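In case you want the letters, here they are:
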Amino acid sequence: MSPTTLRPARPLALTAAALATVLALAACTDNSAPESSADGSGPSTLTVTSTADECTVSAPEAPSGNVVFSVTNAGDDVTEFYLLAEDGLRIVSEVENIGPGLTRDLVLTAKPGSYVTACKPGMVGDGIRSDFTVTDSGTDVAPTGALADQITAATTNYVAYVKDQTEQLLTGTQDFVDAYTSGDDDTARALYASTRVHWERIEPVAESFGDLDPRMDLREADLEEGQEWTGWHLLEKDLWQPTAEANGGTEYVALTPEQRTQYADQLLADTTELNDRVHTADFAEGIDAASIGNGAKGLLDEVATGKVTGEEEIWSHTDLWDFQANVDGAKVAYDGLRDVVLAQDADLAEDLDTQFAEIQTLLDAQRSGDGFVLYTDLTPAQVKELADSVNALGEPLSRLTAAVVL
Amino acid sequence: MLPNFLIGLREGLEAALVVGILVAYLVKTGRRDLLPQLWAGVTLAVVGSLAFGALLTFGPRGLTFEAQEAIGGTLSIVAVGLITWMIFWMGKTARHLKTDLHGKLDEAVAAGRWAVLVMAVLAVGREGLETALFLWAGAQATGQTAEPLVGALLGILVAVALGWAVYKGAVRLDLRVFFAWTGLALIVIAAGVLSYGVHDLQEAGILPGLHHLAFDVSAQVPPSSWYGTLLKGTVNFSPATTWLEAIAWTAYIVPVLTVYIRTVWSGSPRTATASTPAQAPAAATDAPTTGGTP
């Protein structure tokens, strides 16, 4: 051994640094190793038999929690087994190099949802696939701790929420349009506010489609020179026909049955188009933590500029329905990201929880039957109270996006 | 029997080649005293892999897939950093051998003493975990038939034999030719390891682009065929290569090969020594840093 061995050398230090990186990484990923079930219920075990042309999974579903796929290669070639996400692309877990005659286990902590299983005999191609479902067992599937995962879950859930709301909007609009075109104005008036809540809950999303929003939700006051007025508020005016005095001095001319059909059909067609667009893959890809956070803030801005002033539903005065719907939409967006906010900025989460509760208390005080009192029944003091509460929530909500987008 | 044999061969080949070249290097430079370090590293990796594999197979806990891929991918990229450093270290040592034979050599080797151990650990350990998991699964199956286990062990033995053959061939080479060719071989292996590491990280979802293939020749070069196995085991060739893998491979091999050929492998060693004394050390110190931060 030469005496120089004791001299600190740069490559040695670098080697140590490299090793430290490995160890740090190894330790950090180790945290996400599945916990052995603490409640005494063992993992569910499924058997998988892979041959040259078959991939037989013993059951098409398993409860969430620890799941073991015991994969046996009964073929003559090396095989692999994959559990893929619902899109069939992202690998949730895999086990490779299963030689003929061997059984290897794939162990994972599975969250509820839809998955795809695949055997890949010969290790080539897309593999032999089938659908697999993980049902919700109520087991608390420990979060992986990675914020990225929580954000992914939040966006997935939010996209599902938007899809659900547009579907309900479409069904509601169909009923509304049927009543309106058949001249059943009482039913149409009764359906108006309760159908529009589905629109108002996802308003920033709907507004992101710049062509649909003005066609569907433009107010008469916001009409520009030469622009044709169509959509919800045109029908609103026709259902709650104003006096000449309220109509700027001119007598309101009711729509003819032909016009009714024309505008109602267009509203339905636009709603169908909206529903189609939010169900495309492109739409889901465009949704991220930032757009959800900004959308929540956008909803509160809607409340502040339109609902709290009574301008949105100037003929029907059902602004409080919209108000509640906007708050609902913002709350859903926030709830999805709440875990992330809690981890990043616990004070902000507490602030938002308080303000959301406060605004809800104020709104609940104005409930009447299935809905709310009319905007015109509110006293100036009540309007001011609501406006203050909107501003109080708007401030912390404007910091939501920054808190979740690091 | 044959598919299991090929798995053993594939997993063992790359490690055997790297270890073979390391041994040949130490023998040729008269540093046999460092051989125990090397074998200690190999033993550590083998025992560690087997123990870890046994723990994951029989223990109460498994390692998540992401963790397994992230560790594998990161180790690969660290290994590339070390191998790259090794290549240029060898090149530098080769020049010292011609000029002041022993002075600076000791210094270089002293620093490399631990690198030798770490490199042996990485070269063997990288594929070790996967192989160990396979072997334990095979051991569990021996109640039914020992064939898979025997097949895989035979594969590993053939890989070791090939590594030994490379070693024997290498020690017979003249020193300059030895450095030139083994360095070249190591660069190609390292580029393969890098692209394999990138693939692991893509599978773990840490890097994007798993489904954007640059080319797919799986039909022509089936991964379970003997030639697919050899290509995978020696140069880590993947018949279905993603763009990111291809880019990483190219981005590594082009500059490294260029610098290497200019400093070490140029036709006249005298001009190389005179004109570019600073290049190899600079590259050498850079390499582990870049390799260590994936």
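Placed above this text is the structure.
Everything numeric in this text was worked out from a predicted model, so none of it was measured.

Participant: Would you explain the overall build of chain B in this entry?
Facilitator: If you tally the helices and strands in chain B, you get ten helices and two strands. When the helices and strands of chain B are placed in sequence order, the string is α-α-α-α-α-α-β-α-β-α-α-α. Counting only contacts in chain B whose residues sit at least 6 apart along the sequence, the fraction spanning at least 24 positions is 81%. Put simply, chain B shows about 12000 Å² of open surface, and 71% of that area lies on carbon and sulfur atoms.

Participant: Even after reading the chapter, I still don't get the sheet that holds strand β8 (residues 113-119) of chain A, so can you show me in this structure?
Facilitator: Strand pairing in a sheet is mediated by backbone hydrogen bonds. Such pairs are either parallel or antiparallel. All names here are of chain A. Judged by pairing direction, the sheet is mixed, and its five strands sit side by side in the order β3-β9-β8-β5-β6 without closing on themselves. Two strands in the sheet have a free side with no partner beyond their single neighbour: β3 (61-63) and β6 (91-98). Each neighbouring strand pair of the sheet contributes to a mean axis angle of 20 degrees, computed without reference to strand direction. With five bridges connecting them, strand β5 (residues 79-85) and β6 associate as antiparallel partners. Looking at the pairing, Leu83 lines up with Ser93 of β6.

Participant: Sorry if this is basic, but what is going on with the sheet that holds strand β2 (residues 55-57) of chain A here?
Facilitator: Residues and elements named next belong to chain A. With mixed pairing, the four strands of this open sheet are ordered in space as β2-β1-β4-β7. Either end of the sheet is taken by a strand with one partner, and the two such strands are β2 and β7 (103-110). Each neighbouring strand pair of the sheet contributes to a mean axis angle of 20 degrees, computed without reference to strand direction.

Participant: Mind showing me how you'd approach empty space enclosed by the protein here?
Facilitator: One simple way to see leftover space: roll a probe sized like a water molecule over the atoms. Residue and element names in this part refer to chain B. Scanning the entire structure with this criterion turns up three cavities of 30 Å³ or more. Of the pockets and cavities examined, the second largest cavity occupies roughly 70 Å³. Lining the second largest cavity, in full, are Glu14, Ala15, Val18, Ala79, Ile83, Met119, Leu122, Ala123, Arg126 and Val193. Elements that contribute at least two residues to the lining of the second largest cavity include exactly α1 (2-28), α3 (65-98) and α4 (103-141). Among the elements that take part in the lining of the second largest cavity, α4 stands out by supplying four residues, more than any other.

Conventions and cut-offs
Residues numbered from 1 in each chain as written. Chains lettered and ligands numbered in written order. Predicted model: local features only at pLDDT ≥ 70, side-chain atom pairs only at ≥ 80, totals over all residues. Heavy atoms only, no water. Helix = DSSP H or I, 4+ residues; strand = E, 2+ residues; numbered from the N terminus. Contact = heavy atoms within 4.5 Å. Areas by Shrake-Rupley, 256 points an atom, 1.4 Å probe, with all protein chains shown as cover. Pairing = 2+ DSSP bridges. Axes fitted to C-alpha atoms, helices over the stretch in contact; angles between N-to-C directions. 1 Å grid on protein atoms, 1.4 Å probe; cavity = no way out; pocket = protein on both sides within 12 Å on 5 of 7 lines; lining within 4 Å. Points joined across faces, edges and corners; volume = space filled by probe spheres on them.

Honestly, that's just the spatial picture; any functional story needs more than this.
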